[in-house]
Amino acid sequence: SGELIMKDDLPYCFPEFTDYLGKCRFSSCTHTVDKGCKILDAVENGENLTENEKRFHNKTKVRDLALLTLLLGTGIRVSECVGLNLEDVDFETNGIKITRKGGNQAILYFSDEVKYALQEYIAEKERREVLARQEQEKRERAERERLEQREQERLAKIQREKEIAIQKRVAAVKAANKRKKIIT
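Position numbers for residues count from 1 along each chain, tracking the sequence in the order it is written. Local features in this predicted model are restricted to residues of pLDDT 70 or higher, and side-chain atom pairs are both shown and tallied only at a pLDDT of 80 or more, whereas totals for entire chains, interfaces and linings draw on every residue. Hydrogens are left out, water is left out, and the side-chain values use all remaining heavy atoms of the structure.

Draft legend 1. Looking closely at the overall build of the chain. What the chain contains, in helices and strands, is five helices and three strands. Whether a residue is buried, partly exposed or exposed follows from its accessible area with a 1.4 Å probe, protein chains only, as a fraction of its type maximum: under 20%, in between, or over 50%, in that order. Going through the 184 residues of the chain one by one, you find that 26% of them count as buried. For the chain, the share of sequence-separated contacts (at least 6 apart) that also reach a separation of at least 24 residues comes to 38%. Roughly 13500 Å² of accessible area belongs to the chain as shown, and the carbon and sulfur atoms make up 52% of that amount. A run of H or I in DSSP becomes a helix once it reaches four residues, and a run of E becomes a strand once it reaches two; helices and strands are each numbered from the N terminus. Throughout, a contact is declared for two residues whenever any of their heavy atoms are within 4.5 Å. Methods summary: accessible areas were calculated by the Shrake-Rupley approach with a probe of 1.4 Å, and residue burial reflects only the protein chains presented.

This is the structure:
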């Protein structure tokens, strides 16, 4: 089917890799795990990218490599890949449960190389989530500290105002006592 991501479909699905077709080390390259595969090297190394694209690439290359390896290593459709959830992947059997056109479900098996790419992506995603949570907690802690500092400043201001009011009353009483002494 033309919707499957097969070796011959690469120019259609991933036109940015057209330049790399035929440049692989081996003519029988499947573009999945072969050493010397120029397409996987391009995804991994981010060749021919602008500086802005390289910054984005550095954040997404593990994901991109995992997705490309999964698509090419199993031959699933892009729509089937999009519908995958983590619970659909079984690393013990190297299988994925996919929903085909028409709603039928199937189990597809993948190589250890696909497994490693997926596991690396999942680990990277979990690391990023942990870092994001830590950053969020850090921002929330800083916000609490700012609020606490503002509250302390507000309470200190109230205390200063009370002290000033007391000092004014003491000064008024002293002045009144002084006037009484002068009069008597």
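There is more to say after this.
Draft legend 2. Focus on the sheet that holds strand S1 (residues 89-90). Any two strands with at least two DSSP bridges between them are considered paired. The strand order across the open sheet formed by three strands is S1-S2-S3, and the pairing between neighbours is antiparallel. Two strands bound the open sheet, and with one partner strand each, they are S1 and strand S3 (105-109). Two elements, strand S2 (residues 95-99) and S3, share five bridges in a ladder whose sense is antiparallel. The partner of Lys97 across the bridge, within S3, is Ile107.

Draft legend 3. Quick look at the nonpolar core. Nine residue types can take part in a nonpolar core, namely buried Ala, Val, Leu, Ile, Met, Phe, Trp, Tyr and Cys, and a core is a set of them joined through side-chain atoms within 4.5 Å. Ranked by size, the top nonpolar core spans 14 residues in total, and within it Leu70, Ile76, Leu84, Ile96, Ile98, Phe110 and Leu118 carry the most contacts. The set of elements that each furnish at least two residues to this core consists of helix H3 (51-74), S2 and helix H5 (112-183). With five residues, the next largest nonpolar core counts Leu40, Leu65, Leu68 and Leu72 among its residues.

Draft legend 4. Local environment of H3. The terminal C-alpha atoms of H3 lie 32 Å apart, and with 24 residues this matches the ideal 34 Å at 1.5 Å per residue to within 8%. Of all the residues in H3, the buried ones are His57, Thr60, Val62, Leu65, Ala66, Leu68, Thr69, Leu70, Leu71, Leu72 and Thr74. Expected span of a helix: the number of residues minus one, times 1.5 Å.

Draft legend 5. Just the packing of H3 against H5, in detail. To get an axis, fit a line to the C-alpha atoms, keeping to the stretch in contact for a helix; angles then go from 0 to 180 degrees between the N-to-C directions. Across the interface, H3 lies against H5 with an axial gap of 9 Å and an inter-helix angle of 150°. One element, H3, and the other, H5, form an angle in the roughly antiparallel class. In this structure, H3 crosses over H5, and the sense of that crossing is left-handed. In contact with Asn58, Lys59, Val62, Arg63, Ala66, Thr69, Leu70 and Gly73 of H3, H5 contributes Glu113, Val114, Ala117, Leu118, Glu120, Tyr121, Glu124 and Arg128. Of the residues that constitute the contact of H3 with H5, the class distribution is seven nonpolar, three polar and six charged. Oblique is the label for every angle not falling under 35 degrees (roughly parallel), over 145 degrees (roughly antiparallel), or within 65 to 115 degrees (roughly perpendicular). Crossing handedness: left-handed means the near helix sits turned counterclockwise from the far one by under a right angle, and right-handed means the same turn made clockwise. Only Asp, Glu, Lys and Arg are considered charged, only Ala, Val, Leu, Ile, Met, Phe, Trp, Tyr, Cys and Pro nonpolar, and every remaining residue, Gly among them, polar.

Draft legend 6. Structural detail: the side chain of Asn94. Locating Asn94 in the fold gives a position in the loop between S1 and S2. Among the residues examined, Asn94 registers a relative accessible area of 10% and is labelled buried. Those residues in contact with Asn94 that lie beyond four places of it in its chain are Leu108, Tyr109, Phe110, Ser111, Asp112 and Lys115.

Draft legend 7. Broad picture of the packing of aromatic side chains. Geometry of aromatic contacts follows a simple scheme: Phe, Tyr and Trp rings, the Trp one being its six-membered ring, pair when their centres are within 6.5 Å, and the pair is stacked under 30 degrees between planes, edge-to-face over 60, tilted otherwise. Evaluation of the coordinates by the stated rule reveals one aromatic pair. Both rings, one in Phe91 and one in Phe110, keep their centres 6.5 Å apart while their planes meet at 75°; by these two values the pair is edge-to-face. Note that Phe91 is positioned in the loop between S1 and S2 and Phe110 in the loop between S3 and H5, a separation of 19 residues in sequence. Its relative accessible area of 7% is what places Phe110 among the buried residues.

Draft legend 8. Seen up close, the pattern of salt bridges. Salt bridge, as applied in this entry: a Lys or Arg side-chain nitrogen positioned within 4 Å of an Asp or Glu carboxyl oxygen. Applying the stated rule across the entire model yields seven salt bridges. Among the ionic contacts, a cluster of salt bridges with common partners joins Arg77, Glu80 and Arg100.

Draft legend 9. Focus on H5. With 72 residues, H5 should cover 106 Å at 1.5 Å per step; its first-to-last C-alpha distance of 105 Å lies within 8% of that length. Residues of H5 that are buried: Val114, Lys115, Ala117, Leu118, Ile122 and Glu124. Tucked inside the fold, the buried residues of H5 contact H3 and S1.

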